[in-house]
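# Architecture at a glance
In case you want the letters, here they are:
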Amino acid sequence: MAEQYDFDLFTIGAGSGGVRASRVAAAHGARVAVAEEYRVGGTCVIRGCVPKKMLVYGAHFAEDLEDAKHFGWNIEGKSFDWARLRDHVQNDVTRLEGLYSQTLSNHGVTVFEERATITGDHEVTLASGKVVTANYILIATGARPHIPDFPGNEHVITSNEAFHLAEIPRRILIAGGGYIANEFAGIFNEFGSKVTIANRSDTILRGYDEALRDRLLQISLTKGIEFCFMAEFEYVEKQDDGTLKVKLTGQDERIFDCVMVATGRVPNIEGLGLETIGVQCGKRGEIVVDAFSRTNVDYVYAVGDVTDRVQLTPVAIREGQAFADSVFGGVEPYAVDHSCVPSAVFSHPPIAAVGMTEGEARNRLGSVKVYQADFRPMKNVVAARNERSLYKMVVDAANDRIVGIHMIGPEAPEIMQAAAIAVKAGLTKADFDATVAIHPTMAEELVLFK
Ligand code: NDP
């Protein structure tokens, strides 16, 4: 490697993509440094997927404890202590941050806990003023919540702050109809908040199969979550008593204790010095890369949310791995396959999906067969909980290949991870039919479609 530089690789951002790329590049023998201005681990570990999932678990006890009586359990005097859960989650986040830092140091990666800016060709300047040079630069700075522009938007919170609230708000308005809005609506609702979701369009979870979106909407309404559609902020005003007066288009003024926006995430490119060396960005502020995560500057690469390809942690990790193997691993450069990526929404109940929705399949393939199982899970029947699951399988009628699976119901993401292998591998409906069911499970519906 080029000894004229201080490092073979300088990574900006120690999130999922940056940590994987740095660690693997170091394991391949590269001299690696990484700069992180906040906390090692990035959005997923520090203020995203991981603590969110812990809150989802915590929230679900509200229903489990309620259902328990139907299973013979008498639970007296149950109560919920938000501060205990919040602090417990944060302690675990700190533990995980330590593990990530340890992984880097175990691999001999130099970590600079400060901001880094590109200040010249192959050159990065740290907040402390230290200048370092590197043969390659990897940008893995992720994304941050987008906050729409309206009077009073300084009074709203994002998911970043939701993890640290002093108390659970009595009334919360969540703007947006995507992943974060639906996941946190479920969380706050289970913790006892009165939740209102307001989205600019007339739908939730655009991109997911319509039948599942409808089912989640219906179940959420039954649980007491309120929805306002075609509603955008006109203004938010802070009242003397600390509450927030909110005016949405087409709605009367309403009072909430907390307003959270979850209206998408924007790539973190500001102040990186991209213009100094001419790294090209797209319309949404994303760093433009090719299939190998190469930017237009030959020694600069970018992975993860900052490229706005698929904003999911496991994708960023694969992009980081592919970059490190391709550049430092002595293998033929390879690209990450972004097709057939399974995904999940950790709503109450969760949604999981892989492949094409029914609508997409009809548009692209013409002739498709759709199989559907609409059922009440046994546990819900015993618990007298009138909440039905819905599984859908979309099959290419020309060759029997499964092109999409969509599920809403308990443990749908856990079930989907295995089912996604079959879809990715191009298995057919006949292959599923040939597999014996595990009874009684919810997942058996996947091999019993008629
Ligand atoms: P999403 O892209 O999921 O949803 C954004 C929502 O905000 C949509 O309902 C959209 O409306 C609306 N919106 C978009 N732009 C604006 C705007 N300018 N003004 C008002 N409303 C707007 O974003 P999230 O913030 O929920 O999550 C960000 C990303 O993080 C996700 O895309 C996902 O990739 C990732 N994520 C993944 C999770 C998981 O895997 N479980 C969990 C959390 C986040 P419209 O109806 O028009 O689309």
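Here's what I pulled together on the structure shown here. (Residues numbered from 1 in each chain as written. Predicted model: local features only at pLDDT ≥ 70, side-chain atom pairs only at ≥ 80, totals over all residues. Heavy atoms only, no water.)

## What about the pattern of salt bridges?
To keep things clear, this is the line we draw: One speaks of a salt bridge when a side-chain nitrogen belonging to Lys or Arg is within 4 Å of a carboxyl oxygen belonging to Asp or Glu. Where helices and strands are cited, they refer to DSSP runs of H or I of at least four residues and of E of at least two residues respectively, numbered from the N terminus. For every residue, the accessible area obtained with a 1.4 Å probe (protein chains only) is divided by the maximum for its type, and the residue is called buried under 20%, exposed over 50%, and partly exposed between those limits.
Under the criterion given, the structure shown has 32 salt bridges. With a shortest N-O distance of 4.0 Å, Glu 66 and Lys 78 are connected by a salt bridge. You can see Glu 66 sitting in helix H3 (residues 49–67) and its partner Lys 78 sitting in the loop between H3 and helix H4 (82–106), a full twelve residues away along the chain. When its relative accessible area of 36% is taken as the criterion, Glu 66 is described as partly exposed. A relative accessible area of 43% places Lys 78 in the partly exposed class. Where Asp 433 meets Lys 429, a salt bridge forms, and the shortest distance between an N and an O atom there is 2.9 Å. A residue pair is termed a helical-turn pair when its members lie 3 or 4 positions apart in one helix, as Asp 433 and Lys 429 do in helix H13 (residues 429–433) at four residues. Taking the relative accessible area as the measure of exposure, Asp 433 reaches 40% and is therefore partly exposed. Through salt bridges with shared partners, a single network forms among Glu 63, Asp 67, Lys 223, Arg 385 and Glu 387.

## A word on the sheet that holds strand S14 (residues 258–261)
Quick note on the threshold: DSSP calls a pair of strands paired once it identifies at least 2 bridges connecting them. All axes are obtained by fitting lines to C-alpha atoms, using only the stretch in contact for helices, and the reported angles, taken between N-to-C directions, cover 0 to 180 degrees.
If you walk across this open sheet you meet the four strands as S10-S9-S8-S14, and the pairing is parallel. Unpaired on one side and paired on the other, strand S10 (226–228) and S14 mark the two borders of the sheet. In this sheet, neighbouring strand axes are inclined to one another by 20° on average, regardless of whether the strands run parallel or antiparallel. The sheet contact formed by strand S8 (residues 171–175) and strand S9 (residues 194–198) spans five bridges and is parallel.

## Description of the nonpolar core
Worth spelling out the cut-off: To define a nonpolar core, start from buried Ala, Val, Leu, Ile, Met, Phe, Trp, Tyr and Cys residues and group those joined through side-chain atoms within 4.5 Å. Contacts between residues were defined by any pair of non-hydrogen atoms, one from each residue, lying within 4.5 Å.
In terms of nonpolar packing, the biggest core is built from 40 residues, with Leu 55, Ile 174, Phe 184, Phe 188, Met 260 and Ile 351 touching the most fellow members. Here Leu 55 is in contact with Trp 82, Leu 85, Val 89, Phe 163, Phe 184, Ile 187 and Phe 191, once residues within four sequence places are set aside. Within the second largest apolar cluster, 26 residues are counted, among which are Ile 118, Ile 287, Val 289 and Val 297.

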